[in-house]
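# Summary of structural features
Here are the chains, one letter per residue:
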Amino acid sequence: MSSCRFRFFAFATALAASAAIMPAATAVPTGQEVVVYADSSRNGQPFTKDPSVIAFRGSYLMYYSLPGLESETVKRWSVGIARSRDLRTWEKIGELPPGEGVESKGIAAPGAIVIGGRVHLFYQTYGNGKTDAICHAVSTDGVTFTRDASNPIFHPTGKWNVGRAIDAEVVLWKGRALLYYATRDPQMKRQMLGVAAAPADSDYSRSHWQDLSLDGPLLQPELPWELTCIEAASICVRDGRLVMFYAGGYNNAPQQIGVATSVDGVKWTRLSREPFLRNGPPGSWNSSESGHPGVFVDEKGNTHLFFQGNNTGGKTWSIGRLDIQWDGYTPKWIGP
């Protein structure tokens with residue numbers, strides 16, 4: 001596939017552009033810049049969701065969800081791939097299209113991680129309702145992937161959920177690979193988070209995963225702003241513990257971003273009763289939502305929070321980026 005360059009937008013945010021309430025942090029400081037990536041290759045308008053960013057072979061790769069073509073009878077979602085040298089200017093370099101079988105209706109919501117010099121991509125099937133599940137593929141160049149022969153590799157089995165698994169995120173922690181997923185209750189109303197584990201030195205195929213959430217979710221919507229949905233876990237390591245950025249509320253409800261922490265990867269504690277990143281005020285590019293976080297720590301130790309947003313109620317989507325600093329394991333906005 002030939003690469004094609006898309007437009008990138010930079011927006012200087014005012015103090016009120018996105019409010020974040022955490023210990024020692026109350027708002028996005030003035031001077032922050034939101035860099036937005038918008039892929040318009042599908043239907044002629046920006047539609048770019050669910051970012052996951054990694055460093056690989058001297059550059060940065062972003063994996064994201066792309067919608068199906070309007071001309072298709074079955075609009076099959078796929079995974080887009082973009083590359084950057086500076087985390088600001090991005091160029092699309094490829095796609096991972098849906099495969100056969102469980103992927104035939106589409107794939108989406110990629111979660112990328114580099115293990116042993118290869119890119120492991122965990123992603124969900126799309127369009128299968130209650131039976132959507134997590135799949136796995138591996139690449140040596142970050143663009144061309146070989147699918148796991150055991151796909152789908154995971155779906156939950158606890159009685160508290162419907163058996164669906166979406167929004168994969170994998171992190172290596174204390175000798176295990178932890179696979180975080182979103183699922184719904186048996187009535188398909190409430191979205192919640194669960195986690196499964198596999199040996200860190202395994203091949204991550206289906207037989208290696210053990211569901212650690214058989215008895216109930218590790219996080220479920222409880223706070224007013226979370227409404228009836230918690231999804232899209234994205235995790236980094238700080239001060240000997242895991243820190244999770246997660247999305248609360250379904251798309252455009254609005255969806256906003258919260259933070260929780262854990263020492264074992266299973267029991268999680270919220271760091272605030274308020275969102276860390278809210279949707280923007282009327283007129284801003286993310287007034288409909290700030291959602292589906294993708295946290296990325298670069299080779300210098302700087303932390304970047306990628307997220308999706310729009311101001312059209314979901315007719316278009318773009319990817320933004322904000323930089324954060326830390327007070328121990330508590331994220332804070334970078335300020336003057």
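Notes on the structure follow. Every chain begins its residue count from 1, and numbering advances along the sequence as written. Given that the model is predicted, a residue must reach a pLDDT of at least 70 before its local features are reported, and side-chain atom pairs must reach 80 or more before they are shown or counted; all residues, however, enter totals for whole chains, interfaces and linings. The basis for every side-chain value is the complete set of heavy atoms in the structure, and neither hydrogens nor water enter the calculation.

Turning our eyes to something else, we now look at the overall build of the chain. A run of H or I in DSSP becomes a helix once it reaches four residues, and a run of E becomes a strand once it reaches two; helices and strands are each numbered from the N terminus. Across its full length, the chain holds 0 helices and 25 strands. Only protein chains enter the accessibility calculation, which uses a 1.4 Å probe. A residue is then buried if its area is under 20% of the maximum for its type, exposed if over 50%, and partly exposed in between. Taken across its 336 residues, the chain has 59% of its residues classed as buried. When checking whether two residues touch, look at their non-hydrogen atoms; a contact exists if any pair is within 4.5 Å. For the chain, restricting intrachain contacts to residue pairs at least 6 apart in sequence, the fraction spanning at least 24 positions comes to 54%. Per-residue and other accessible areas follow the Shrake-Rupley method at a 1.4 Å probe size, with only the shown protein chains counted as cover for residues. For the chain, the accessible surface area stands at approximately 13400 Å², while carbon and sulfur atoms represent 50% of it.

This part takes up the sheet that holds strand S14 (residues 166-173). Spatially, 4 strands are ordered S14-S15-S16-S17 in an open sheet, and the strand pairing comes out antiparallel. Looking at the sheet topology across the chains shown, the edges are occupied by S14 and strand S17 (210-211). The pairing of strand S16 (residues 191-199) with S17 spans 2 bridges and is classified as antiparallel. Paired with Ala-196 across the bridge in S17 is Asp-211. When DSSP finds two or more bridges between two strands, those strands count as paired.

Moving on: the side chain of His-136. The residue His-136 is located in strand S12 (residues 134-139) in this model. The class of His-136 is buried, set by a relative accessible area of 2%. Residues contacting His-136, with those up to four places away along its chain left out, are His-120, Leu-121, Phe-122, Tyr-123, Arg-147, Asp-148, Asn-151, Ile-153, Asp-203 and Tyr-204.

What follows deals with the sheet that holds strand S18 (residues 230-238). In space, the 4 strands of this open sheet follow the order S18-S19-S20-S21, with antiparallel pairing throughout. Across the chains shown, the open sheet's two edge strands, defined by having one partner strand only, are S18 and strand S21 (269-270). In this structure, strand S20 (residues 256-262) lies alongside S21, joined through 2 bridges in antiparallel fashion. Note on S21: the bridge partner recorded for Ala-260 is Arg-270.

Moving on to the pattern of salt bridges. Whenever Lys or Arg places a side-chain nitrogen within 4 Å of a carboxyl oxygen from Asp or Glu, that contact is recorded as a salt bridge. Taken as a whole and assessed by the stated rule, the structure comprises 9 salt bridges. Ionic pairing is found between Glu-226 and Arg-270, a salt bridge with its closest N-O pair at 2.9 Å. Of the two residues, Glu-226 sits in the loop between S17 and S18 while Arg-270 sits in strand S21, which places them 44 residues apart along the sequence. The partner of Arg-278 in a salt bridge is Glu-274, and the shortest N-O contact between them spans 2.9 Å. A relative accessible area of 21% means that Arg-278 is categorised as partly exposed. Residue classification places Glu-274 among the partly exposed residues on the basis of a relative accessible area of 32%.

Now for the environment of Arg-83. Tracing the chain through its elements places Arg-83 in strand S8 (residues 78-84). With relative accessibility at 34%, the residue Arg-83 sits in the partly exposed group. Expressed as a C-alpha distance, the spacing of Arg-83 and Met-62, which sit 21 residues apart in the sequence, is 6.3 Å. Not counting residues up to four positions away in its chain, the partners in contact with Arg-83 are Ser-59, Tyr-60, Leu-61, Thr-89, Trp-90, Glu-91 and Ile-93.

Time to look at the nonpolar core. Ranked by size, the top nonpolar core spans 21 residues in total, and within it Tyr-180, Leu-219, Met-244 and Trp-268 carry the most contacts. When residues of this core are traced back to their parent elements, those giving at least two are S14, strand S15 (176-184), S16, S18 and strand S19 (241-248). With sequence-adjacent residues up to four places away left out, Trp-268 is seen in contact with Tyr-180, Leu-218, Leu-219, Ile-235, Leu-242, Val-243, Met-244, Ala-260, Thr-261 and Ser-262. Buried residues of nine kinds, namely Ala, Val, Leu, Ile, Met, Phe, Trp, Tyr and Cys, make up a nonpolar core once their side-chain atoms join them within 4.5 Å.

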